[in-house]
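# Close look at the chain arrangement
Residues per chain, in single letters:
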Amino acid sequence: MAEFGAHAFIWESDWNPASARRVIAGAAAAGLDFVEIPLLRPESMDTAGTRRLLAEHRLGVRCSLGLPPAASLPAHPQAAEAFLCRALDVTRALGGPVLTGVIYGTLGQLPGHPPRPGDLDIVAQTLRRVAAYAADQGLALGIEPVNRYETHLVNLTDQALELLDAIGADNVFLHLDTYHMNVEEKGFRGPVEAAGKRLRYIHLSESDRGTPGTGNVHWDEVFDGLAAIGYRGDLVMESFAAVNEDIARATCIWRQVAPDPDTLVREGLAFLRGKATARGLIP
Ligand code: MN
């Protein structure tokens, strides 16, 4: 069976003791298996307190991030490696099995030309070293392609699969996101089937980042593709009812795209669960 989770920013965009409690209690009350916590500032994460809250609510965790400018790839491979290894330490301290997202670049950093020869070699070499560090701790790494307005490095499933080949590590997997697929791919089912067992994480996000089921994403194609590959990875509702300055800049969200967390859970999560249950992906 796949596991079902949701992004923390459905509830809160900050991570302090009070907001962490609201996120974790909200995700647990929604009946989720896990919550995805963005490690925007891994150095300031209260791992012990967060881990206690997760245990109290019997909730699992996954971690995600994009690289900060000072630790970006391909510009700063040593800083990127150190940053990602520290983020893996935090992931492990929280009890999470996975660190995923735009681990290969900085959101919004667009140099005005396609990747130069060698750029993706630097990315692959750096992530190969980080993957070895992760493997020693029993952790896995995800690569999330995002749309052309957020990165010039990896926009398509095919490009991400090429990067996975270049990294050549079993504990690195593909992480798709239906919001980005809606911009970049020719359809939804084809990329999912092309990825097959290398797809282990999917952000279920509407075309405007709002409530799933209310926009242009072809949800039946998405879930038919997942059923066709016998998907056993993570299903993650990603929307942003709560937006802070970091996430607004990273995702270019300049207005309220989703209603309150309760509506997102009641309508969006119920919609996605219905699609997944109908195809036997979750109980
Ligand atoms: Mn995403």
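Conventions and cut-offs
Residues numbered from 1 in each chain as written. Predicted model: local features only at pLDDT ≥ 70, side-chain atom pairs only at ≥ 80, totals over all residues. Heavy atoms only, no water. Helix = DSSP H or I, 4+ residues; strand = E, 2+ residues; numbered from the N terminus. Rg over C-alpha atoms; globule rule 2.2 N^0.38 Å. Buried < 20%, exposed > 50% of the residue type's maximum accessible area, 1.4 Å probe, protein only. Contact = heavy atoms within 4.5 Å. Areas by Shrake-Rupley, 256 points an atom, 1.4 Å probe, with all protein chains shown as cover. Lys, Arg positive; Asp, Glu negative; His and termini not counted. Charge placed at Lys NZ, Arg CZ, Asp CG, Glu CD. Donors = N, O, S within 2.8 Å, 3.2 Å for Na, K, Ca; no water. Pairing = 2+ DSSP bridges. Axes fitted to C-alpha atoms, helices over the stretch in contact; angles between N-to-C directions. Phe/Tyr/Trp six-rings, centres within 6.5 Å; stacked < 30°, edge-to-face > 60°. Lys NZ or Arg CZ within 6 Å of the ring centre and 35° of its normal. 1 Å grid on protein atoms, 1.4 Å probe; cavity = no way out; pocket = protein on both sides within 12 Å on 5 of 7 lines; lining within 4 Å. Points joined across faces, edges and corners; volume = space filled by probe spheres on them. Nonpolar A, V, L, I, M, F, W, Y, C, P; charged D, E, K, R; others polar.

- Taking an unreviewed UniProt entry as the reference, the protein is identified by name as Sugar phosphate isomerase/epimerase belonging to Sediminicurvatus halobius.

### Quick look at the overall build of the protein
- Within the protein, the secondary structure is distributed over 10 helices and 8 strands.
- Over its C-alpha atoms the protein spans a radius of gyration of 17 Å, differing by no more than 12% from the 19 Å that the globule rule assigns to 283 residues.
- Overall size of the protein, expressed as C-alpha extent along the three principal axes, is 45 × 40 × 35 Å.
- Buried positions account for 55% of the 283 residues belonging to the protein.
- Long-range pairs, those at least 24 residues apart, make up 78% of the contacts in the protein between residues at least 6 apart in sequence.
- Of the roughly 11,700 Å² of accessible surface on the protein, 50% is carried by carbon and sulfur atoms.
- Both charge centroids of the protein, one from 26 positive and one from 35 negative side chains, sit 3 Å from each other.

### Details of unusual backbone geometry
- Cis geometry is adopted by the peptide bond preceding P74, which originates at L73 and carries an omega value of 0°.
- Along the chain, P74 turns up in the loop between β3 (60–66) and α3 (77–94).
- Positive phi is not limited to glycine here, since R58 has a value of about 50°.
- Relative to the assigned elements, R58 resides in the loop between α2 (47–56) and β3.
- Of note, R209 is a non-glycine position whose phi angle comes to about 70°, a positive value.
- Looking at where R209 falls in the secondary structure, it is placed in the loop between β7 (199–204) and α8 (219–228).
- Judged by relative accessible area, R209 falls into the buried class, the value being 4%.

### Considering the coordination of the manganese ion
- Distances from the manganese ion to its protein donors, E144 (OE), D177 (OD), H203 (ND1) and E238 (OE), fall at 2.0 to 2.3 Å.
- Each donor residue of the manganese ion belongs to the same chain, and together they define the spacing E-x32-D-x25-H-x34-E. With H203 in strand β7 and E238 in the loop between β8 (234–237) and α9 (245–251), the pair connects residues that are 35 residues apart, well separated along the chain.

### Brief notes about the sheet that holds β3
- Spatial ordering of the closed barrel is given by β1-β2-β3-β4-β5-β6-β7-β8, a layout of 8 strands whose pairing is parallel. Ignoring which end each strand starts from, the neighbouring axes of this sheet average 30° apart.
- Of the strands in this sheet, β3, β4 (98–102) and β5 (140–143) are in contact with α3, which crosses β3 at around 165°.
- Sitting on the sheet, helix α10 (residues 261–278) touches β1 (3–7), β7 and β8, and the angle it makes with β8 is about 150°.

### Topic: the packing of aromatic side chains
- Applying the stated criterion across every chain yields a total of 4 aromatic pairs.
- With centroids separated by 6.4 Å and ring planes inclined at 65°, the aromatic side chains of F9 and F240 adopt a geometry described as edge-to-face. Residue F9 is found in the loop between β1 and α1 (17–29), and its partner F240 is found in the loop between β8 and α9; the two are separated by 231 residues along the sequence. Per residue, the accessibility class of F9 equals that of F240, and both read buried.
- Each member of the aromatic cluster is reached from another via a ring pair, and the members are W219, F223 and F271.
- In this arrangement the basic side chain of R62 is found over the ring face of F34, its NZ or CZ atom lying 4.0 Å from the centre.
- One cation-aromatic arrangement involves R273 over F4; the distance from NZ or CZ to the ring centre is 5.8 Å.

### Brief notes about empty space enclosed by the protein
- The full count for this structure, using the stated rule, is 1 cavity of 30 Å³ or more.
- Reported here for the largest cavity is a volume of approximately 50 Å³.
- As for the largest cavity, its lining consists of P145, N155, T157, L176, D177, H180, M181, E184 and E185.
- Among the secondary structure elements, those contributing two or more residues to the lining of the largest cavity are β6 (172–177) and α6 (178–184).
- Among the elements that take part in the lining of the largest cavity, α6 stands out by supplying 3 residues, more than any other.
- Grouping the constituent residues of the lining of the largest cavity by class yields 3 nonpolar, 3 polar and 3 charged.

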